[in-house]
Amino acid sequence: MSNYKVLVSKLGLDGHDRGAKVVARALKDAGFDVIYTGIRQTPEQVVEAAIQEDVDVIGVSILSGAHIHHVSRLMKLLRERGLNVPVVVGGTIPIPDVPRLKQMGVREVFLPGSSLKEIINVVRRLAEEKRRAEQQA
Amino acid sequence: MVKLFNNESIEKIREALKKWEKETLPLSLQRFPERMERFTTLSNIEVKRIYTPADLADHDYFEKLGLPGEYPFTRGIHATMYRGRLWTMRMFSGYGGPEETNKRLKFLIKHGETGLSLAFDYPTLVGIDSDDPMASGEVGICGVAVDTLKDMEIIFDGINLGEVTTNMTINPPAPVLLSMYVAVAEKQGVPYDRVGGTTQNDPLKEFIAQKSYVFPPEPAVKIAMDVVEWSVKNLPKWNPISISGYHIREAGSDAVQELAFTLADGIAYVRHLVERGMDVDEFAPRLSFFFDSHINFFEEIAKFRAARRMWAKIMKEWFGAKKPRSWWLRFHTQTAGVSLTAQQPWNNIVRTTIEALAAVLGGTQSLHTNALDEPFRVPSELAAKIALRTQQIIAYETGVADTVDPLAGSYYVEWLTDEIEERAWRYIERIERMGGMIEAVKKGYPQREITETSYRFQREVEEGKRFIVGVNIFVDEVEDEIRNVPLLEIDQEEIEARQKERLRKIRESRNKAKVERALAELRRAAERGENIMPYVLTAVKAYATLGEIMGTLKEVYGEWVEPPLI
Amino acid sequence: MQSSKPREAYLNSLIERAVGGDRAALGKLLTVLERPSRDSGIVLRTLVKKSGRAHVVGVTGIPGSGKSTLISKLISVYRSWGLRVGVLAVDPTSPLSRGALMADRLRMQRHATDPNVFIRSIASKGFRGGLSLAALAMIEALDAAGYDKIIVETVGVGQAEVDIMHAAHTIVVVTMPGAGDDIQALKAGVMEIGDIYVVNKSDKPEADQLLEFINFALETGEIGSGEKWRPLVVKTSAIMGTGVEELAKVIEKHLEHLVRTGRFEEKVESRRLMLARLFALRIVEEKVEKIIEAHKREVSRILGESDDPYTVLEALIEKGLREL
């Protein structure tokens, strides 16, 4: 079986890419194929990249405070395109916003201080789930 | 040469040390084995068990330290330092629309603040208008939205620009925002020589770290230096550039890299201005710096001291500056946002205190202390107040500000200052060999160094080689309530709609021919390589938008997409 | 095999949807083609009936030469001509790491939302059956899906990448001033077989020197594709977008040459031959691996204990193949 494929992207205009890059590196070292789109991405760009690359998981990082706006658009687009790719979000997210994001369909939210091990485990589990669901379909 | 210790003393100390290692130490090691095999600073500098005069055997007092207010300024740029005047407690904050910002500024002024600080939202930071599709959802979030001169007029409505100074954290669009500020001053009848404040205007660190770049490196530096040149000639009280290591550090560099890359950026700017034909002593006193203060206490202090010494040497010896003021490294400090944790956020007060103390012991000119809730959001009022009080306690209660450079002469601090300087020079040398920072940035060299360092650090945390309380040691099973304090909600959609509406009205009502002419002239000036500032000022006064002006410049100068380096 | 029927139906629907413009289906189709299998064979069978029209442009050059930025600008030119563009970006990955980190896409992301542009990244390792087999199969898919230009980006190092470049109709070699600017660099691997040479970052002072260098090397025949085509040299500055339109026009010139001389179809045919060949090699390889796995202990002793290891191994494999 080929490696799990993850899209790592910076949604919105903020340039704080430290976390996204560290996570991308860690996922690579853990055996994932990682597509890194860089900064200043729109939800449309993220969805299109996920489609073209046929990824198993989408990971977006946002530190601008605009997470609710961008993520709700992202999730809406994914639904419209009938795409069943799990989404995880990382960044400076106020705690009360975590359930809001999950309600939108985000599978996991990683706050500052999340360990790489934890992120890798969650992403792997979500990728496995997705592949299994696809096999059955 | 004035050595700190004579050879005879050093010899005696060395002998004693040998004896100590043979007799005293082994017993102690047996009873109390050391906690770690290797102790290192955040820059991975190995820290020895003990420092003695032997570590400073060749230390020449005047070459390395001197007296405060004198070359090489290791002990501080002023003779009396904080005994004369405390550092400026400058707190950076703000979000919303121009109306909210105006209200907040007036509130601050009423409470005695005269040093204002403007934070801009992301669309403004990257030079696009509020009605640009990319701006959607970001208008007014991390700072105030500014599209046209009208917004600046609202922000400073009822505030006399001759009586306040304003710090603007703005980079690629600095010429536009400065022009707007100056245009408001003109309308108020404030003469240029009374307009005071700072533009960050440091494009190189955008490529290295902050990533709010717009133009490719060469034109980005050219445009920023237009601002410097124009300010030097027209605004005697303006600090046109704040050469920033803060963002480099926050992006994951270590202290040595922060220092080296920042000074290398400074070198690139000075070189550009000198090549432009400016006299180094004409502009050097106007350059200022901005550093991070991180949690590894002594390393930070050493970094600040080394920074002053190195810059003085660079300006005096490399660029031949003659005025002592040209040799000064004046700097603002902010405590390390990245050192704060979402877990047990109360602890962030303590971290910030220690970092602020390091900045003060390192001789900073001004200081911003972070609020404890910053891992989540823009600070709440209470959190921001605690942060300010932290500085006030350091200033008024602790006594650390009562003597100049109190840590001078500490064997460890002096050794570490030398060590950091030495390592930073090596980086600068490497960058110079590449052709300077502009070339290094295009190759992605500092970017790659930072990525490596931040990844290494994160792995060390994961592997338990570095400790963060609440994160990988002393972890709470159940997190404290404070994490659930609701956000101070701002109605982002309302602000965005309001900005768009105002923008629409301005686009409709302004003199279109005048705008087009101003933009065409700006384009021609840019193509000819002239200083763009006068043309930007004309365009701003005609109510050309930020996005239009930046768009015109993008057509001439191109746009930067970062090298795919991770 | 009963169970293969629904699978085949699914694959056929995938192809149908992909060819009909469903981008998600095309994305999945490319994943199927990443590794040789019965599935990918079935898919290819249908695809080649629909492909053969696209102009495949290989763009190669060392990392840092500005290929990705250049390709991004080239896409803009093609789009302004109304052409549909597919991109396969082979991202160099260390063979030592388990995973791959691909960031070439970063430079082209502005085209991501254009419904007439499709960009797919390929890690340069990790494909059972090899990188070239995967890339060649993906070319057929993008071709069948109606992309007029298929740009394949590689660093041009290693046999697999050389194979990929040979599968292109037009090879564009991107160079830049100051990157070991001597002929040795140009003579490494695919660098010497360009149909078109690009001096990128031509705003640098050493650009003209490099241009002269390449022209000299072309005249002396040290580099060049060796066909009845005198390679052309173009100066570009990808970041400013200058020279890119000219490059696109020069690529068209080469296309015209290929069509005129009948080389266009020949290249499609040789590309498919290579694809089938790689496919066959992979099948053999898999079988041989199975045989060796089954006779591990015996094989491990052959070198030390046999008088004629070659013949013994040959016999073992032949016997194994008969038994499989």
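Small disclaimer: the values here were computed from a predicted structure and weren't measured.

The rules behind each value
Residues numbered from 1 in each chain as written. Chains lettered and ligands numbered in written order. Predicted model: local features only at pLDDT ≥ 70, side-chain atom pairs only at ≥ 80, totals over all residues. Heavy atoms only, no water. Helix = DSSP H or I, 4+ residues; strand = E, 2+ residues; numbered from the N terminus. Rg over C-alpha atoms; globule rule 2.2 N^0.38 Å. Buried < 20%, exposed > 50% of the residue type's maximum accessible area, 1.4 Å probe, protein only. Contact = heavy atoms within 4.5 Å. Areas by Shrake-Rupley, 256 points an atom, 1.4 Å probe, with all protein chains shown as cover. Buried area = accessible area lost by both parts, 1.4 Å probe. Salt bridge = Lys/Arg side-chain N within 4 Å of Asp/Glu carboxyl O. Polar contact = N/O pair within 3.5 Å; in protein donor to acceptor, adjacent residues only side chain to side chain. Nonpolar A, V, L, I, M, F, W, Y, C, P; charged D, E, K, R; others polar. Pairing = 2+ DSSP bridges. Axes fitted to C-alpha atoms, helices over the stretch in contact; angles between N-to-C directions. Domains from an automatic or database assignment. Expected span 1.5 Å × (residues − 1). pLDDT = per-residue confidence, 0-100. Parallel < 35°, antiparallel > 145°, perpendicular 65-115°, else oblique. Left-handed = near helix turned anticlockwise from the far one by under 90°. Phe/Tyr/Trp six-rings, centres within 6.5 Å; stacked < 30°, edge-to-face > 60°. Lys NZ or Arg CZ within 6 Å of the ring centre and 35° of its normal.

What follows covers the overall build of chain A. In terms of helices and strands, chain A carries 5 helices and 5 strands. Helices (α) and strands (β) of chain A occur, in sequence order from the N terminus, as β-α-β-α-β-α-β-α-β-α. Taken against the 2.2 N^0.38 rule, which gives 14 Å for 137 residues, the C-alpha radius of gyration of chain A at 14 Å falls within 12% of a compact globule. Taken along its principal axes, the extent of the C-alpha atoms in chain A is 40 × 35 × 25 Å. Relative to its 137 residues, chain A shows a buried fraction of 69%. Across chain A, contacts joining residues at least 24 apart in sequence account for 72% of those joining residues at least 6 apart.

Helices and strands together make up the secondary structure of chain C, namely 12 helices and 8 strands. The globule rule puts the C-alpha radius of gyration for 324 residues at 20 Å, and the 22 Å found for chain C is close to it. Once the C-alpha set of chain C is aligned to its principal axes, its extents read approximately 65 × 50 × 40 Å. Burial status across chain C gives 53% buried among its 324 residues. A fraction of 76% describes how many contacts in chain C between residues 6 or more apart in sequence connect residues 24 or more apart. Element-wise, carbon and sulfur atoms account for 54% of the exposed surface of chain C, whose accessible area totals about 14500 Å².

On the side of chain A, 29 residues touch chain C, which itself brings 25 residues to the contact. Between chain C and chain A the total buried area reaches about 2200 Å² when both faces are included, carbon and sulfur atoms providing 50% of it. On the chain C side of the contact with chain A, C:Arg98, C:Leu101 and C:Gln109 bury the most area, a combined 24% of that side's loss. Two residues, A:Glu134 and C:Lys28, come together in a salt bridge whose shortest N-O distance is 3.2 Å. Connecting chain C to chain A are 22 residue pairs in polar contact (both at pLDDT 80 or more). Counting only elements with at least two residues in the side of chain C that touches chain A, the list comes to α2 (23-32), β3 (100-102) and β4 (117-123) of chain C. Counted by class, the side of chain C that touches chain A contains 10 nonpolar, 7 polar and 8 charged residues. Pairing of strand β2 (residues 33-36) of chain A with β3(C), which is carried by 3 bridges, proceeds in the parallel orientation.

The next point concerns the sheet that holds strand β3 (residues 57-62) of chain A. The 6 strands lie next to each other as β5(A)-β4(A)-β3(A)-β1(A)-β2(A)-β3(C), forming an open sheet whose pairing is parallel. The two strands at the open ends of the sheet, each matched to only one other strand, are β5 (108-110) of chain A together with β3 of chain C. Averaged over all pairs of adjacent strands, the angle between their axes in this sheet comes to 20°, without regard to strand direction. Strands in contact with helix α5 (residues 116-136) of chain A are β1 (5-10), β3, β4 (87-91) and β5 of chain A; relative to β5(A), the strand with the most contacts, it is inclined by about 160°.

The next subject is the domain arrangement of chain C. When the domains of chain C are assigned, the result is domain 1 (1-50), domain 2 (52-261) and domain 3 (276-323). One C-alpha centre belongs to domain 1 of chain C, the other to domain 3 of chain C, and the line joining them spans 32 Å.

Glancing now at the interface of chain B and chain A. At the interface, 43 residues of chain B touch 37 residues of chain A. In this structure, the connection of chain B to chain A is made through 3 salt bridges. Here B:Glu562 and A:Lys21 are joined by a salt bridge, their closest N and O atoms 3.9 Å apart. Counting across the interface, chain B meets chain A through 15 residue pairs in polar contact (both at pLDDT 80 or more). Where the side of chain B that touches chain A is concerned, the elements lending two or more residues are α4 (122-125), α7 (204-210), α9 (246-250) and α18 (445-462) of chain B. A breakdown of the residues in the side of chain B that touches chain A according to their chemical character gives 23 nonpolar, 10 polar and 10 charged.

Residue and element names in this part refer to chain B. The end-to-end C-alpha separation of helix α12 (residues 297-318) is 31 Å, in line with the 32 Å expected for 22 residues at 1.5 Å each. By the criterion of burial, α12 is predominantly enclosed, with 16 of the 22 residues buried. One or two residues past the end of α12 sits Gly320, with phi positive at roughly 65°.

Residue and element names in this part refer to chain C. Across chain C, the average pLDDT comes to 88, with 93% of residues at 70 or higher. Looking at the elements of chain C, mean pLDDT is at its lowest for helix α7 (residues 183-186), recorded as 59, and at its highest for helix α9 (residues 244-261), recorded as 97. ipTM for the predicted complex: 0.93, alongside a pTM of 0.91.

Residue and element names in this part refer to chain B. Within the secondary structure, Asp151 sits in helix α5 (residues 149-155). Of the polar contacts made by the side chain of Asp151, one reaches the side chain of Arg502; its length is 2.9 Å. Apart from residues lying up to four places away in sequence, Asp151 is in contact with Pro98, Ala145, Val146, Gln499 and Arg502.

A few words on the packing of helix α14 (residues 347-361) of chain B against helix α15 (residues 381-396) of chain B. All names here are of chain B. Between α14 and α15, the least distance of the axes is 10 Å, while the angle of their chain directions is 45°. On the basis of their axis angle, the class for α14 and α15 is oblique. The handedness of the crossing between α14 and α15 comes out as right-handed. Contact residues: Ile349, Thr353, Ala356, Leu357 and Val360 in α14; Ile386, Thr390 and Ile394 in α15. For the contact of α14 with α15, a count of residues per class yields 6 nonpolar, 2 polar and no charged.

With that settled, the discussion passes to the pattern of salt bridges. Inspection of every chain in the model, using the stated rule, returns 89 salt bridges over all chains. The partner of C:Arg105 in a salt bridge is A:Glu53, with the nearest N and O atoms 2.6 Å apart. In this pair, C:Arg105 sits in the loop between β3 and β4 while A:Glu53 sits in helix α2 (residues 43-53), so the two residues belong to two different chains. The partner of C:Glu219 in a salt bridge is C:Arg230, with the nearest N and O atoms 3.8 Å apart. Remark: C:Arg230 occurs in the loop between α8 (207-219) and β8 (232-235) and C:Glu219 occurs in helix α8; sequence separation between them is 11 residues. Connected through shared salt-bridge partners, A:Asp54, A:Asp56, A:Lys130, A:Arg131, A:Glu134 and C:Lys28 make up one network.

All names here are of chain B. Here the bond from Tyr71 into Pro72 is cis, since omega is 0°, no more than 30 degrees from zero. Mapped onto the secondary structure, Pro72 falls in the loop between α2 (61-64) and β1 (88-89). Of note, Phe474 is a non-glycine position whose phi angle comes to about 50°, a positive value.

All names here are of chain B. Within this structure, the stated rule accounts for 26 aromatic pairs over all chains. Measuring from centroid to centroid gives 4.9 Å for Phe289 and Trp311, while their planes differ by 70°, and the two rings are edge-to-face. Of this pair, Phe289 sits in strand β7 (residues 287-293) while Trp311 sits in helix α12, and the two are 22 residues apart along the sequence. Each member of the pair, Phe289 as well as Trp311, is classed as buried. Among the aromatic residues, those joined into a cluster by ring pairs are Tyr51, Phe297, Phe298, Tyr412 and Trp415. The ring centre of Tyr427 lies 4.9 Å from the NZ or CZ of Arg430, which sits over that ring. Over the ring of Tyr455 we find Arg459, and its NZ or CZ is 4.9 Å from the ring centre.

Our next topic: the sheet that holds strand β5 (residues 149-154) of chain C. Residue and element names in this part refer to chain C. In spatial order, the strands read β4-β2-β5-β1-β6-β7-β8; together these 7 strands make up an open sheet with parallel pairing. Only two strands of the sheet have a single partner each, and these edge strands are β4 and β8. Neighbour-to-neighbour, the strand axes of this sheet turn through a mean angle of 20°, independent of strand direction. Relative to β5, strand β2 (residues 85-91) runs parallel, the two sharing 5 bridges. By the bridge assignment for β5, Gly86 is matched with Ile150. In this fold helix α5 (residues 131-144) packs onto β1 (55-60), β2, β4 and β5, with an angle of close to 170° to the strand it touches most, β2.

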